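Understanding the architecture of this molecule
Letter by letter, the chains look like this.
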Amino acid sequence: MSNLTKNNTKSFIIHPILFSVYPIIFIFSQNIHLLPLTEIFLPTIIMIVLTSATLFILGKKIKNKNKIALSISLLVIVFFSYGHVYNILNESEFEDSEITRHRYLLIPFIITAVLGTSYFLKSKKIFNNATTIANGISVSVIVIISINIAGDVSNGNFFGNPEAVRNETWFGFGVPQENLIKDVFSNSIEKNLVQNEMKTNEDLPDVYYIILDEYPNNQSLKKFYGFDNNEFLISLEDSGFYVVENSLSNYPMTIQSLSSSLNMEYLNMLTKDADIDSQNYRLLNELLSDNIVMEKFSSSGYEIINMGSLWGPNGEFKNATTNLCEFKEINFDSLIRELLEKSMISYFYERHFEQLRRDQITCEFNEFSNLSTNNDQPKFVFVHILLPHPPYIFGPNGEHVTPGNSLNSEPWNERVAHVNQIKFLNKNFLEKIIPELLSSKNKPIIILQGDTGGGHSINWEEPTNEMVFERLANLNVIYFPDSDYEDLYEDMTPVNTFRVIFNKFLNENYELHDDRNFWSVGDKPYNYKDVSEILN
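Residues numbered from 1 in each chain as written. Predicted model: local features only at pLDDT ≥ 70, side-chain atom pairs only at ≥ 80, totals over all residues. Heavy atoms only, no water.

**Notes on the overall build of the protein chain**
Put simply, the rule is: Working definition: helices are DSSP H or I runs of at least four residues, strands are E runs of at least two. Numbering for both runs from the N terminus. For every residue, the accessible area obtained with a 1.4 Å probe (protein chains only) is divided by the maximum for its type, and the residue is called buried under 20%, exposed over 50%, and partly exposed between those limits. In this description, contact between two residues means that some pair of their heavy atoms is separated by no more than 4.5 Å. Here, Shrake-Rupley sampling with a 1.4 Å probe gives the accessible areas, and only protein chains in the shown set may cover a residue.
A count of helical and extended segments in the protein chain gives 22 helices and 9 strands. Scored against the burial criterion, the 536 residues of the protein chain give a buried share of 53%. Across the protein chain, contacts joining residues at least 24 apart in sequence account for 76% of those joining residues at least 6 apart. Carbon together with sulfur atoms contributes 54% to the accessible area of the protein chain, which is approximately 24,700 Å² in total.

The following block contains the structure:
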């Protein structure tokens, strides 16, 4: 019997390694249009080495390797399935229940891991059949996910698609900038105007384009959040700002909104030959990274400064000469970050990530004072502040908040938390940032703009009119040093922002676009539906 046992324990074992790499391949498959293939290499190598080393080391002490392998597979499955279960519960009718909190949800996962491992290790069974079944299941799931990836690749829906790169060259990327300008603007008169060299002027104003992520306009705040932001807006008006009362974003997603505003053009013109069913974001990333506005300011002698934002396949703005408060772990789409967020240590990683976010925002607030005193040459400063966008990590006075835990005894409410971060922003801008910028020797142009409005409880596939309004109703406040706002109007959208500025301050003659608004969903970023009529 002992010889039989000895022979039976020598089963072919592959499932721990396949189960350990499956979460990596799965996350990659879900984000294949956002992540380059190279993202899977490091975590895959780490998981294979860790799993193999654990099998080898424990195999020295426990003769039945089936037991070790099944224990490892169980621990891997429990460890990496936790985040998925957590997300499912928080998107269900149980989202406000105590069972969705980490402190309670971790309990059954820990119990399952401990009891399951104890069972495998203490049992007198050989587990040959269980090993065969586990091998079969692990191979099957890897094959299935590989077929899904192959389908996306065959359809061109993957990051770095060579066909997409060829299309991007067609759209202008990879060709000289003067040709890009010809492609972007269709009007022949406008083509000539864009290529004219900007007039030099030693008194050119600094320009601050400050994006406040998901900051709604006051109509939306009153209607959907029960908050009147009038005190903040009046204070800005008293400081000389112009408030675009009926501002609406042109697009519902950050990358679309900024690609449009920083290229002064609608995306249906910039991406007119893109497949409307494509999920590949590379073209939008390139449009944003190599945008016309920064190019024009650069060619006019401006220093281009980027603060708190990274875009494009290489994580950079092509024309930016200085990058401040980058915090690359926050800005990059990272498979490792996603993997950790789906694991049983997600609670601790979330706290780490939230502190990084706080540090980045604090860094941005502090950098304004340095920028306002630097007058060596005119500068265009692009600032992306990830507030009031979640996670909700600040109270109204800058208190550190853990998402899900209110500052008072009231139940957690994300709309209230959104407003609290708006109050925190308002306080910093009114008390510190705006006075610092306006105290500059050469008063700047300042644009405070929400990339979009809020995004709570939105059905992206079938939004109601109110959902569309809530998402697109954004803050838009502008300061001109001469206080002449004749060219601004109450319904102006971001696509016209820099057309007005270039006309007024850099002697251009751009025609303003009709102000239009579009809707699309995340997995079809080039399929735009004009929703302008339902907003008027």
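Back to the write-up after that little detour.
**Some details on the sheet that holds strand E3 (residues 303–307)**
The cut-off we apply is this: For two strands to be treated as a pair, DSSP must find at least two bridges joining them. For helices, the fitted line uses only the C-alpha atoms of the stretch in contact; every axis is such a line through C-alpha atoms, and the angle between N-to-C directions lies from 0 to 180 degrees.
Strands sit in the order E2-E7-E6-E1-E5-E3-E4 across an open sheet of 7 strands; the sheet is mixed. The two strands at the open ends of the sheet, each matched to only one other strand, are strand E2 (242–243) and strand E4 (322–324). Inspection of the sheet shows strand E6 (residues 445–449) paired to strand E7 (residues 476–479) by 4 bridges, in the antiparallel sense. Bridged to Ile446 within E7 is Tyr479. The sheet contacts of helix H18 (residues 346–372) involve strand E1 (207–212), E3, E4 and strand E5 (379–385), and relative to E5 the element is tilted by about 170 degrees. Against the sheet, helix H19 (residues 414–438) contacts E1, E5, E6 and E7, and its axis sits at roughly 175 degrees relative to E1.

**Overview of the pairing of strand E8 (residues 518–521)**
Here E8 shows two buried faces, one formed by Phe518 and Ser520 and the other by Trp519 and Val521. Examined bridge by bridge, E8 and strand E9 (residues 524–530) share 3 bridges and lie antiparallel to one another. If you follow Trp519 over to E9, its bridge partner there is Lys529. Connecting the antiparallel pair E8 and E9 is a turn made up of 2 residues.

**Observations regarding the environment of Pro378**
By the element assignment, Pro378 lies in the loop between H18 and E5. In this structure the C-alpha to C-alpha distance between Pro378 and Asp206, which are 172 residues apart in sequence, comes to 5.2 Å. Other than its neighbours up to four places away in sequence, Pro378 contacts Leu204, Asp206, Gly301, Tyr302 and Glu303.

**Here's the deal with the nonpolar core**
To keep things clear, this is the line we draw: Here, the term nonpolar core denotes a set of buried Ala, Val, Leu, Ile, Met, Phe, Trp, Tyr and Cys residues that are joined through side-chain atoms within 4.5 Å.
Counting residues in hydrophobic clusters, the biggest one holds 100 residues, and the most contacted among them are Ile210, Phe297, Phe380, Ile385, Phe429 and Phe498. No other element matches the 9 residues that H19 contributes to this core. Apart from the residues within four sequence positions on either side, Ile210 is in contact with Phe368, Val383, Ile385, Phe429, Leu437, Ile446, Ile447, Leu448 and Gln449. Counting residues in hydrophobic clusters, the runner-up holds 37 residues, among them Ile27, Ala69, Leu89 and Ile145.

**Remarks on the packing of aromatic side chains**
Worth spelling out the cut-off: Put simply, two rings from Phe, Tyr or Trp (the six-membered ring, in Trp's case) pair if the centres are within 6.5 Å, and we call them stacked under 30 degrees between planes, edge-to-face over 60, tilted for the rest.
Inspection of every chain in the model, using the stated rule, returns 34 aromatic pairs. With 5.1 Å between their ring centres and 80 degrees between their planes, Tyr82 and Phe109 make a pair best called edge-to-face. In this pair, Tyr82 sits in helix H4 (residues 65–90) while Phe109 sits in helix H5 (residues 102–122), placing the two residues 27 residues apart along the sequence. Phe109 carries the same exposure label as Tyr82, and that label is buried. An angle of 75 degrees between the planes, with centres 5.9 Å apart, marks the rings of Tyr119 and Phe127 as edge-to-face. Among the residues examined, Tyr119 registers a relative accessible area of 42% and is labelled partly exposed.

**Some words on the environment of Leu287**
Its place among the elements puts Leu287 in helix H14 (residues 282–289). Taking the relative accessible area as the measure of exposure, Leu287 reaches 5% and is therefore buried. Along the primary structure Leu287 and Ser260 are separated by 27 residues, whereas in three dimensions their C-alpha atoms are 8.6 Å apart.

**Let's talk about a nonpolar patch on the surface**
What counts, and what does not: For patches, a residue must show more than 30% relative accessible area and have no salt bridge; joins then use 9 Å for like charges and 5 Å for nonpolar side chains, namely Val, Leu, Ile, Met, Phe, Trp and Tyr. The term salt bridge refers to a side-chain nitrogen of Lys or Arg lying within 4 Å of a carboxyl oxygen of Asp or Glu.
A cluster of nonpolar residues, Leu37, Phe41, Ile45 and Val49, forms a patch on the protein surface that exposes about 390 Å² of accessible area. Position of Ile45 among the secondary structure elements: in helix H3 (residues 41–59).

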